[in-house]
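Observations on chain architecture
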2 protein chains.
Amino acid sequence: MGRPPSAKPTSFDIAYLAGVSQPTVSRALRGSKSVSAATRANIERIARELNYTVDKNASSLRSQRTHTLALLFFEDPTPDESMINPFFLSMLGSITRECALRGYDLLISFQQMHNDWHVAYQDSHRSDGIILLGYGDYQLYLTKLEHLVEMGTNFVRWGSVSDDGIGLTVGSDNVGAGEQAGAHLVEIGRRAIAFLGDASDHAPEFQDRYTGLCRAMRAAGISPDPALQRDAVSSEASGYAAAQSLLAGRASFDAIFAASDLIAIGAMRALAEAGLKLPQDVAIIGFDDIPAATLTSPTLTTVMQDMKGAGTLLVDALLASIDGRPVEQRVLPARLIKRQSTAV
Amino acid sequence: MGRPPSAKPTSFDIAYLAGVSQPTVSRALRGSKSVSAATRANIERIARELNYTVDKNASSLRSQRTHTLALLFFEDPTPDESMINPFFLSMLGSITRECALRGYDLLISFQQMHNDWHVAYQDSHRSDGIILLGYGDYQLYLTKLEHLVEMGTNFVRWGSVSDDGIGLTVGSDNVGAGEQAGAHLVEIGRRAIAFLGDASDHAPEFQDRYTGLCRAMRAAGISPDPALQRDAVSSEASGYAAAQSLLAGRASFDAIFAASDLIAIGAMRALAEAGLKLPQDVAIIGFDDIPAATLTSPTLTTVMQDMKGAGTLLVDALLASIDGRPVEQRVLPARLIKRQSTAV
DNA sequence: ATAATATGCGTATACGTATACCCTATGGTC
DNA sequence: GACCATAGGGTATACGTATACGCATATTAT
């Protein structure tokens, strides 16, 4: 049981000083109940004095648990590679916070993963599980998700809940949010409501928002006009183009519900350039409540998602899945933030 | 040399199939030149067929190199914990990209670290080095930096280059950028130029920008008026307050140079509420070129920093330091982006 | 031809921790 | 007082890789 203290302290050094064996040190520090209170206290004291920290690699190697999660972004490739959807960024904060709270480290990557990103983080024992974020081309990565399931990888993703049943999903109540937006527009007297955002199953979340809008319109006795829907991905440029296309169309409209704030902001620019007055001529609602939504003129009415709750729920669900605990799909409520763009 | 293939393949499995010893597999996959081309090719083929990946923990434990960097944020605590300075976020993209390119993983944390964050990532062998980002209270963490140096921890930080000589710093040419901004304001005929941003040594970057502004003014024969400087931290609220204080002061001004875009945006709101016309009554320049700078009205003239270069340089410098290669402090050029807020 | 190198690879072992298993002393049970 | 359970902690070993060393065989120098 010899061996004097050396450079970076190990559990052996502590054991030596405490007059016990190395395994006892390990047990004491990990809270095993087969160590007496006195011994534990002594070991903890020495550990503190030596500034001892458990070697993450050795610990992970032995226990096969890394206490690390990986966060992967799937985004449409943007011209500027360093651009990240502001919406996801605000989620980042709550995820890191939640991980820290649970004693987990967080690995992060924005890379457009090649074919075997699934291998990269789980098989090589870098992380215990994966969080997937992204608006990216949805169909394209479904097969990869299936692969993940097949390999027994633990993962959760943010998106449209219960869309395909692959793995675990956490998301906002997009349909409900769409209904709120639609109801508000109807309430302020709008009847020809356009929707900007992909309504196909390539973007389930956008589709859900459109579904909610339509539901609200029908509840008010309005029948949604398909001619007033335009595809758009979540970017200002795409919103600008979609709004121009709408303006060029024959169908008139007095309101727009955009599937994201970036789309809305692009659309507002197109409308302003066309000489339309907001919100008098066209009321507009966005989605996400990004910081810029308060800077536009008029300020943008939008749907705020519960970012803090999202981070918590994602990490929560993933850890449950890792620990083999049962876990239910959960949907987060969203809230309509009324600003000038719908104030008439 | 026995042992048949098992569940998750290890280097032993490959060795068994290739008819060589485990160390040879390790050597082959790591590119050692003491393995024949034929043997190497065979081993690589088998590894591919088995979907083999090196176990990160075992590898790190043995080699004492994690091939992982840690990114830590120091921010002023904000009411909303999940808010992150948009400026740093745009750097995040280029850092992750650079890490991936070099084969490094990236650990991330936004936590207001307690007293011993320095220990947390290096001593426990989670990462080979640390990248520090933040506008936070500068003096407050100087002692911690010294501690890092003392412990032999590898780290780089973003900030004002050559301010204190502690560790390695990468940053923009803040003085030069301040000069550009000042020169531009002088060029459009402004002479009473106010500065919003802490000019003390609590915020060396802001101080540098102020220094540059003063230098440009003096070059034009204008003597900077200390009464036109107001402290502000990088937030909209702080900028708003600073501008109000300025308006309440007796000294008149026809231009503002704000130390960050968030400050500028807050100031613009205060000016607009005071009934001033931008840029006719007051021209304004920000710093950072955050996305919102194009959304304000008028759109905001600002200084764009080289984010991509920043990420590359930070990672570059850190890796050099880790590898014991010599590394020089480097400064990145910044560029003035002229928009409506200075268009007269 | 013989000694000196180099090439290619096997043997042994270390990295630091966590856990299965075993042993000893104590206390309680009848 | 023999018997068994329990607490407390030691012994041995595994996790999967990387590297120091040694030992053949092949190559070159002399």
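Here the residue numbers are simple positions, counted from 1 along each chain's written sequence. Each chain is given a letter, starting from A, and each ligand a number, starting from 1, according to the order in which they appear as written. It should be noted that, the model being predicted, local features are given only for residues of pLDDT at least 70 and side-chain atom pairs only at 80 or more, the latter also being counted only at that level, while totals for whole chains, interfaces and linings use all residues. Excluded from the side-chain calculation are hydrogens and water; included are all heavy atoms of the structure.

What to know about the sheet that holds strand S7 (residues 229-230) of chain A
Residue and element names in this part refer to chain A.
- With parallel pairing, the four strands of this open sheet are ordered in space as S7-S6-S8-S9. Edge positions in the open sheet fall to S7 and strand S9 (283-285), since each of these has one partner strand only.
- At least two bridges found by DSSP between two strands are what make those strands a pair. Every helix listed is a DSSP run of H or I at least four residues long, and every strand listed is a run of E at least two residues long, numbered separately from the N terminus. As judged from the four bridges shared by strand S6 (residues 193-196) and strand S8 (residues 255-258), these two strands associate in the parallel manner. Note on S8: the bridge partner recorded for Ala194 is Ile256.
- We call two residues in contact when some of their heavy atoms are within 4.5 Å. Every angle, taken between N-to-C directions, lies between 0 and 180 degrees, and every axis is a line fitted to C-alpha atoms, over only the stretch in contact when it is a helix. Strands in contact with helix H8 (residues 174-187) are S6, S8 and S9; relative to S8, the strand with the most contacts, it is inclined by about 165°.

Re helix H12 (residues 307-322) of chain B
Residue and element names in this part refer to chain B.
- By this rule, a helix spans an expected 1.5 Å times one less than how many residues it contains. Between its first and last C-alpha atoms H12 spans 23 Å; for 16 residues at 1.5 Å apiece the expected length is 22 Å, and the two agree.
- Burial status follows relative accessibility: with a 1.4 Å probe on protein chains alone, a residue under 20% of its type maximum counts as buried, one over 50% as exposed, and anything between as partly exposed. In terms of burial, H12 is a largely internal element, twelve of the 16 residues being buried.
- Every buried residue of H12 is accounted for by Met307, Gly309, Ala310, Gly311, Leu313, Leu314, Val315, Ala317, Leu318, Leu319, Ala320 and Ile322.
- After H12 finishes, the residue Gly324 shows a positive phi value of roughly 75°.

Some remarks on the protein's contact with DNA strand D
- We define proximity as follows: a residue is near a molecule or strand when any one of its heavy atoms falls within 4 Å of that partner. As a structural note, the neighbourhood of DNA strand D is formed by 26 residues, with A:Ser21, A:Thr24, B:Ser11, B:Tyr52 and B:Arg62 the closest of them.
- Each atom of DNA strand D within 4 Å of the protein belongs either to a base or to sugar and phosphate, the latter forming 57%.
- One nitrogen or oxygen atom from the main chain of A:Ser36 is found 2.9 Å from a phosphate oxygen belonging to DNA strand D.
- Counting of polar contacts relies on pairs of N or O atoms within 3.5 Å, with two restrictions inside protein: one atom must be capable of donating a hydrogen and the other of accepting it, and residues adjacent in sequence are counted only when both atoms are side-chain atoms. Between a base nitrogen of DNA strand D and a side-chain N or O atom of B:Arg62, the distance comes to 2.4 Å.
- Elements with a minimum of two residues in the surface near DNA strand D: helix H2 (22-30) and helix H4 (56-63) of chain A together with helix H1 (11-18), helix H2 (22-30) and helix H4 (56-63) of chain B.

Looking at the relation of the copies chain A and chain B
- To superpose the copies, least squares is applied to the C-alpha atoms of every residue with a pLDDT of at least 70 in both. The transformation that overlays chain A on chain B combines an axial shift of 0.0 Å with a rotation of 180°, and the residual RMSD is 0.1 Å. What the rotation and shift describe, once combined, is the action of a two-fold rotation axis.
- When you check the interface residues of chain A against chain B, 100% turn up at the interface there too, and the contact is symmetric in its surfaces.

Structural notes on the packing of aromatic side chains
- Whether two aromatic rings pair depends on their centres lying within 6.5 Å, for rings of Phe, Tyr and Trp, where Trp uses its six-membered ring; planes under 30 degrees apart make the pair stacked, over 60 edge-to-face, and the rest tilted. Across all of its chains, the model carries six aromatic pairs over all chains by this definition.
- Arranged with centres 6.4 Å apart and planes meeting at 40°, the rings of A:Phe257 and A:Phe287 form a pair that is tilted. A residue pair is termed long-range when its members are at least 10 positions apart, and A:Phe257 in strand S8 and A:Phe287 in the loop between S9 and strand S10 (302-304) qualify at 30 residues. Residue A:Phe257 shares its accessibility class with A:Phe287, and that shared class is buried.
- Within the aromatic cluster, the residues linked to one another by ring pairs are A:Phe195, A:Tyr210, A:Phe257 and A:Phe287.
- Charges are assigned to positions over rings by a cutoff of 6 Å between ring centre and Lys NZ or Arg CZ, combined with an angular limit of 35 degrees from the ring normal. Sitting above the plane of the B:Tyr240 ring, B:Arg269 keeps its charged end 4.2 Å from the centroid.

A short note on the protein's contact with DNA strand C
- Among the 27 residues in the neighbourhood of DNA strand C, the closest are listed as A:Ser11, A:Tyr52, A:Arg62, B:Thr24 and B:Thr39.
- A share of 55% of the atoms of DNA strand C within 4 Å of the protein falls on sugar and phosphate groups.
- A:Arg30 places a side-chain nitrogen or oxygen 3.5 Å from a phosphate oxygen of DNA strand C.
- Take B:Thr24: an N or O atom from its side chain is 2.6 Å from a phosphate oxygen of DNA strand C.
- Counting only elements with at least two residues in the surface near DNA strand C, the list comes to helix H1 (11-18), H2 and H4 of chain A together with H2 and H4 of chain B.
- The element best represented in the surface near DNA strand C is H2(A), accounting for five residues.
- Residues are grouped as follows: Ala, Val, Leu, Ile, Met, Phe, Trp, Tyr, Cys and Pro are nonpolar; Asp, Glu, Lys and Arg are charged; all remaining types, including Gly, are polar. By residue class, the composition of the surface near DNA strand C is nine nonpolar, twelve polar and six charged.

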